[in-house]
Amino acid sequence: MEIVKKVSNDYKGVFSTKPYEIGQLVYTFDPQYVEQPTRTSIQHEDKHFEDKIGMYLNHNCLPNTDIVSDGRGIHLLALEIIRKEDELTFDYNRTESKLTNPFYCRCHGLLIKGYDG
């Protein structure tokens, strides 16, 4: 199980408690669908959902996970080897059509606003 860990006063993230290989299932979301996107919701296809772990997943332009579905659920899948205690990230610009709170990322200083924005 992944953990939510406070990194500094204003930064929280999700960190792995064990290693994962490329293509391995890291987490299965328990989506609570919402009518409107929020700062912590995740978009999958044309719907937005909240999840107790997903709400703390941070953006990275070169993420180590991706959000996928297989007809049985929505999952976080490892895109690269993940070591114990690595932060789990995904690229918001690949999943979100428009962010409610655009921001400049910490990884490359790019404006992250979603793929339509």
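Keep in mind that what you see is a predicted model, and the values were worked out from it rather than measured.

## Points about the layout of surface pockets
In step 1: One number sums up the size of the largest pocket: a volume of about 770 Å³.
In step 2: Lining the largest pocket are 32 residues; nearest its centre among them are Arg39, Leu57, Asn58, Tyr92 and Phe103.
In step 3: Residue assignment for the lining of the largest pocket shows that the elements contributing at least two residues are β2 (11-15), β7 (58-59), β10 (87-90) and β11 (103-104).
In step 4: Among the elements that take part in the lining of the largest pocket, β10 stands out by supplying 3 residues, more than any other.
In step 5: Looking at the lining of the largest pocket residue by residue, the class counts come to 13 nonpolar, 11 polar and 8 charged.

## A closer look at the pairing of strand β8 (residues 65-69)
In step 1: When β8 meets strand β9 (residues 74-78), the two strands line up antiparallel, connected through 5 bridges. Looking at the pairing, Ser69 lines up with Ile74 of β9.
In step 2: Between β8 and the antiparallel strand that follows it, β9, lie 4 residues; Gly71 among them carries a positive phi value of about 90 degrees.

Parameters at a glance
Residues numbered from 1 in each chain as written. Predicted model: local features only at pLDDT ≥ 70, side-chain atom pairs only at ≥ 80, totals over all residues. Heavy atoms only, no water. 1 Å grid on protein atoms, 1.4 Å probe; cavity = no way out; pocket = protein on both sides within 12 Å on 5 of 7 lines; lining within 4 Å. Points joined across faces, edges and corners; volume = space filled by probe spheres on them. Helix = DSSP H or I, 4+ residues; strand = E, 2+ residues; numbered from the N terminus. Nonpolar A, V, L, I, M, F, W, Y, C, P; charged D, E, K, R; others polar. Pairing = 2+ DSSP bridges.

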